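Chain residues, written in single-letter form:
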Amino acid sequence: MSMGRFANPADQRSGLEVVRDWNGVAHVVLRSTKGASARVSLHGGQVVSWRNDRGEELLFTSSKAIFKPPNAMRGGIQMCFPQFGYSGTLERHGFARNRIWTLDDEHPPINHNDNGSKVSVDLILKPSEDDLKCWPHCFEFRLRVSLSKDGDLSLVSRIRNVNGKPFSFSFAYHTYLSVSDISEVRIEGLETLDYLDNLSHKERFTEQGDAITFESEVDRVYVSSPNAVAVLDHEKKHSFVIRKEGLPDVVVWNPWEKKSKTMVDFGDEEYKQMLCVDAAAVERAITLKPGEEWTGKLELSAVSSTNCSDHLDYPVSI
């Protein structure tokens, strides 16, 4: 893996730095001009930290998380590909989050004009021989993680079929948000939608509430969802605005008390401080013909709750 792209002082000034964790795995640190930061691990292409300009961590990481490959760390934003959950024959959430990615020095450009207002890193994952034994499809998975000058975090995934035959996959940005108290949190933007309830054998229901609130375990896939939803945190007085493209579903998950006690890499009471809201393509698999490419985009913003509704109308800018 080449590190030369980040080695000179000019790259340091541009807001990129490469560090290593205690397992020797490289992390790319992105810093905005206003002081926000994000950290991306080459293990899994996982975003393991996102901080605002006051240094507050916006993503949840369990205090019992296991930071050792090949398993994904419990928290951050995980790349779930080519399978979400146990929906197929592969390991839970697919293998992409458990593999070592490489820096993509020769990436095809993404068409956008950011006028230098973002700092980005490009990663790539290709299947290993072992991957091809359990999922016999050749692909290139390119991931661009960007941090805007205002601290917005964006992820663009591009998956290309370099196989001689079509293949299908599901996908999710498995996103652990840090919240003050799950009982004080609500989600807006999913009202009246149909959802598949994973706690009831994927039975289909229609959301009845004005907003989604939490008082027990939730594990749902909201289908045909809008491209913007908001997570309002009453105590922190800020909201997460989640904007997406190419990802029709939203997965909402909180394990609550009973399930928390069964997870070795999750604290018994930590369900109170986290909420997963995943931009995803789960209900219907994505199929790529040979040579075709799929793109899925996610943009996360942390805004004052008083201005939250204004942000739901903005398009994805990545």
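Residues numbered from 1 in each chain as written. Predicted model: local features only at pLDDT ≥ 70, side-chain atom pairs only at ≥ 80, totals over all residues. Heavy atoms only, no water.

Looking at an unreviewed UniProt entry, one finds the chain named glucose-6-phosphate 1-epimerase and attributed to Urochloa decumbens. Database annotation for the chain, UniProt heading Sequence similarities (unreviewed entry): "Belongs to the glucose-6-phosphate 1-epimerase family." Reading the Catalytic activity (unreviewed entry) entry of the UniProt record for the chain gives the comment "alpha-D-glucose 6-phosphate = beta-D-glucose 6-phosphate". (UniProt positions renumbered as here; feature names shortened; annotations may be inferred.)

Taken in spatial order, the 8 strands make up an open sheet running 6-7-8-9-19-16-15-11, and their pairing is antiparallel. The open sheet has two edge strands, strand 6 (102–103) and strand 11 (185–188), and neither has a second partner. Sheet topology places strand 16 (residues 238–245) next to strand 19 (residues 293–304); 8 bridges connect them, and they run antiparallel. Looking across to strand 19, one finds that Arg 243 is bridged to Glu 299. (Pairing = 2+ DSSP bridges. Helix = DSSP H or I, 4+ residues; strand = E, 2+ residues; numbered from the N terminus.)

Let's shift gears to the pattern of salt bridges. Within this structure, the stated rule accounts for 24 salt bridges. The closest approach of N and O atoms between Asp 265 and Arg 74, which form a salt bridge, is 3.2 Å. Here Arg 74 lies in the loop between strand 4 (47–51) and strand 5 (77–80) and Asp 265 lies in the loop between helix 3 (256–260) and strand 18 (274–288), a separation of 191 residues in the sequence. Per residue, the accessibility class of Asp 265 equals that of Arg 74, and both read buried. The salt bridge involving Glu 293 is made with Arg 160; its shortest N-O contact spans 3.4 Å. On the criterion of sequence distance, the pair formed by Glu 293 in strand 19 and Arg 160 in strand 9 (residues 153–161) is long-range, its members being 133 residues apart. Connected through salt bridges with shared partners, the residues Asp 104, Lys 126, Glu 140 and Arg 142 form a single ionic network. (Salt bridge = Lys/Arg side-chain N within 4 Å of Asp/Glu carboxyl O. Buried < 20%, exposed > 50% of the residue type's maximum accessible area, 1.4 Å probe, protein only.)

Attention now goes to the pairing of strand 4. Summarising burial for strand 4: 4 of the 5 residues are buried, a large majority. Judged from the 4 bridges that link them, strand 3 (residues 37–41) and strand 4 form a sheet pairing that is antiparallel. In the sheet register, Arg 39 faces strand 4, and the bridge partner there is Ser 49. The hairpin formed by strand 3 and strand 4 contains 5 residues between the paired strands, and Gly 44 there has a positive phi angle of roughly 85°.

To continue, consider the nonpolar core. Formed by 73 residues in total, the largest nonpolar core has its most connected members in Phe 141, Leu 153, Leu 155, Phe 169, Phe 214 and Leu 275. Among the elements that take part in this core, strand 18 stands out by supplying 8 residues, more than any other. Those residues in contact with Leu 153 that sit more than four places away from it in its chain are Ala 38, Val 47, Trp 50, Ile 77, Val 145, Ser 146, Leu 147, Leu 298, Glu 299 and Leu 300. If you look at the next biggest cluster of nonpolar residues, it comprises 8 residues, including Leu 196, Val 221, Val 223 and Val 251. (Core = buried A, V, L, I, M, F, W, Y, C linked by side-chain atoms within 4.5 Å. Contact = heavy atoms within 4.5 Å.)

Time to look at the layout of surface pockets. Counted as a void, the largest pocket has a volume near 650 Å³. Lining the largest pocket we find 31 residues, and of these Phe 84, Gly 85, Tyr 86, Ser 87 and Lys 202 sit closest to its centre. Contributions of two or more residues to the lining of the largest pocket are made by strand 10 (167–178), strand 14 (218–222), strand 17 (249–254) and strand 18. Taken together, the residues that form the lining of the largest pocket break down as 14 nonpolar, 10 polar and 7 charged. Roughly 360 Å³ of internal volume is contained in the second largest pocket. Around the second largest pocket, the lining is made up of 23 residues, and of these Asp 21, His 27, Arg 39, Val 48 and Phe 67 lie nearest the centre. (1 Å grid on protein atoms, 1.4 Å probe; cavity = no way out; pocket = protein on both sides within 12 Å on 5 of 7 lines; lining within 4 Å. Points joined across faces, edges and corners; volume = space filled by probe spheres on them. Nonpolar A, V, L, I, M, F, W, Y, C, P; charged D, E, K, R; others polar.)

Glancing now at the packing of aromatic side chains. Under the defined criterion, the tally for this structure stands at 21 aromatic pairs. In this structure an aromatic cluster arises from ring pairing among Phe 81, Phe 95, Trp 101, Trp 135, Phe 139, Phe 141, Phe 167, Phe 169, Phe 171, Tyr 173 and Trp 294. Looking at Arg 220, its charged tip hangs above the ring of Tyr 195, at a distance of 4.4 Å from the centre. (Phe/Tyr/Trp six-rings, centres within 6.5 Å; stacked < 30°, edge-to-face > 60°. Lys NZ or Arg CZ within 6 Å of the ring centre and 35° of its normal.)

Looking now at the confidence of the model for the chain. Low pLDDT marks regions whose predicted coordinates should not be analysed in detail. Considering every residue of the chain, the mean pLDDT works out to 88; 87% of them sit at 70 or more. This model gives residues 1–13 a pLDDT under 50, and the stretch forms 24 contacts once residues within four places in sequence are excluded. (pLDDT = per-residue confidence, 0-100.)

Take unusual backbone geometry next. That bond from Phe 81 to Pro 82 is cis: its omega, 0°, falls within 30 degrees of zero. Tracing the sequence through the fold places Pro 82 in the loop between strand 5 and strand 6. Not every positive phi belongs to a glycine, and Lys 202 is a case in point at roughly 60°. Tracing the chain through its elements places Lys 202 in the loop between strand 12 (194–197) and strand 13 (203–206).

A few words now on the environment of Arg 54. Mapped onto the elements, Arg 54 comes out in the loop between strand 4 and strand 5. Here Glu 56 takes part through its side chain, which lies 3.2 Å from a polar atom of the side chain of Arg 54. (Polar contact = N/O pair within 3.5 Å; in protein donor to acceptor, adjacent residues only side chain to side chain.)

Examined against the element boundaries, Ser 41 turns out to sit in strand 3. Here His 43 takes part through its backbone nitrogen, which lies 3.0 Å from a polar atom of the side chain of Ser 41.

So, about the side chain of Ser 260. Positionally, Ser 260 belongs in helix 3. The exposure class assigned to Ser 260 is buried, which follows from its relative accessible area of 0%. Non-local contacts of Ser 260, meaning those with residues more than four positions away in its chain, are made with Pro 255, Phe 266, Gly 267, Asp 268 and Tyr 271.

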